[in-house]
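Chain by chain, the residues:
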Amino acid sequence: MKNLRKTMVATAVLLVAGIILLAGCEKEKEKTKTNVGEMSISDIQYTDCLSYLPSSDSIIVRKEGESLKIEHHNFAIPCKFDSIVVSYAFYGDTLAVTEMPDPYYNVNCVCVISNSFQINNIPHGQYMLVIGNYPYVIKHISSVNF
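Focus on the pattern of salt bridges
- Summed over the entire model, instances satisfying the criterion amount to four salt bridges.
- Note that R62 is salt-bridged to E64, the shortest N-O span being 3.4 Å.
- K69 serves as the salt-bridge partner of E64, at 3.4 Å between the closest nitrogen and oxygen.
- Overall, the relative accessible area of 36% leaves E64 in the partly exposed class.
- Residue classification places K69 among the partly exposed positions, given a relative accessible area of 28%.

Quick look at the environment of S143
- Counting through the fold element by element, S143 comes out in strand β8 (residues 137-145).
- Residue class for S143 comes out partly exposed when judged on its relative accessible area of 47%.
- In this structure, the C-alpha to C-alpha distance between S143 and V130, residues 13 residues apart in sequence, is 8.8 Å.
- For S143, the side chain forms a polar contact with the side chain of Q126, separated by 3.2 Å.

Re the sheet that holds β8
- Strand order across the open sheet formed by four strands is β4-β5-β7-β8, with mixed pairing between neighbours. Two strands lie at the open edges of the sheet, namely β4 (83-91) and β8, each paired on one side alone. Ignoring strand direction, the axes of neighbouring strands in this sheet form an average angle of 20°.
- Across eight bridges, strand β7 (residues 126-133) lies against β8 in antiparallel orientation. Paired with L129 across the bridge in β8 is S142.

Here we look at the sheet that holds strand β1 (residues 40-46)
- One open sheet holds the four strands; their spatial order is β1-β6-β3-β2, and the pairing between them is antiparallel. Pairing within the sheet leaves two strands with one partner each, and these edge strands are β1 and β2 (58-64). Averaged over all adjacent pairs, the angle separating strand axes in this sheet is 20°, with direction ignored.
- Bridge count for strand β3 (residues 67-78) against strand β6 (residues 110-120) is nine bridges, and the pairing is antiparallel.

A word on the state of the cysteines
- Taken as a whole and assessed by the stated rule, the structure comprises two disulfides.
- Each sulfur of the disulfide joining C49 and C111 lies 1.7 Å from the other. An S-S torsion of about -125° defines the bridge between C49 and C111 as left-handed. Of this pair, C49 sits in the loop between β1 and β2 while C111 sits in strand β6, placing them 62 residues apart in sequence.
- On the accessibility criterion, C49 (29% relative accessible area) is partly exposed.
- Here C79 is linked by a disulfide to C109, with a sulfur-sulfur distance of 1.9 Å. Classification of the bridge connecting C79 and C109 rests on its S-S torsion, roughly -60°, and on that basis the disulfide is left-handed.

What counts, and where the lines are drawn
- Each residue is numbered by its place in its chain's sequence as written, counting from 1.
- Only residues with pLDDT of at least 70 get local features here, since the model is predicted, and only at 80 or more are side-chain atom pairs given and counted; chain-wide, interface and lining totals rely on the full set of residues.
- Heavy atoms from the whole structure form the basis of all side-chain values; hydrogens and water molecules are not counted.
- In what follows, salt bridge is the name for a side-chain nitrogen of Lys or Arg lying within 4 Å of a carboxyl oxygen of Asp or Glu.
- Burial classes follow relative accessibility: with a 1.4 Å probe on protein chains only, a residue under 20% of its type's maximum area counts as buried, one over 50% as exposed, and anything between as partly exposed.
- Each helix is a run of H or I in the DSSP string that is no shorter than four residues. Each strand is a run of E no shorter than two, and both are numbered from the N terminus.
- Between N or O atoms, a polar contact is any pair within 3.5 Å; within protein, one atom must be a potential hydrogen donor and the other a potential acceptor, and residues adjacent in sequence are included only when both atoms are from side chains.
- Two strands qualify as a pair provided DSSP detects at least 2 bridges between them.
- In this analysis, axes come from line fits to C-alpha atoms, helices being fitted only over the stretch in contact, and the angle between any two N-to-C directions falls in the range 0 to 180 degrees.
- Whenever a pair of cysteine sulfur atoms sits within 2.5 Å, that pair is classed as a disulfide.

So, in structure tokens, the structure goes:
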């Protein structure tokens, strides 16, 4: 009877240890899904006003390593901006990127510029990339895979 209890206790301990070990492995697998480093936006560059007449804009997206390089040509924004602020957010499998002039003035003047930036250390996975600007108008949708 004592041997049976010892065997049951030993089995229970081994079972618990195995479950903890497997749970630790699953967490390790989750960690390896993302890149090393924090996701960030860098190299924001924009031109002065190229025109004051709205024209058809275009967005070019290039994947380079673990980064996306994005160029937005003929980007129409209100005049009197100091800088362009680029931000991102994840909504499920959608990577939403927003370009906004700062400060945002509601003026009767439209300025057309070119803007470029880079998104670094994007977590591994497949995403729907959505790029928009004020007032939250979608300008680009594509699928990206990291």
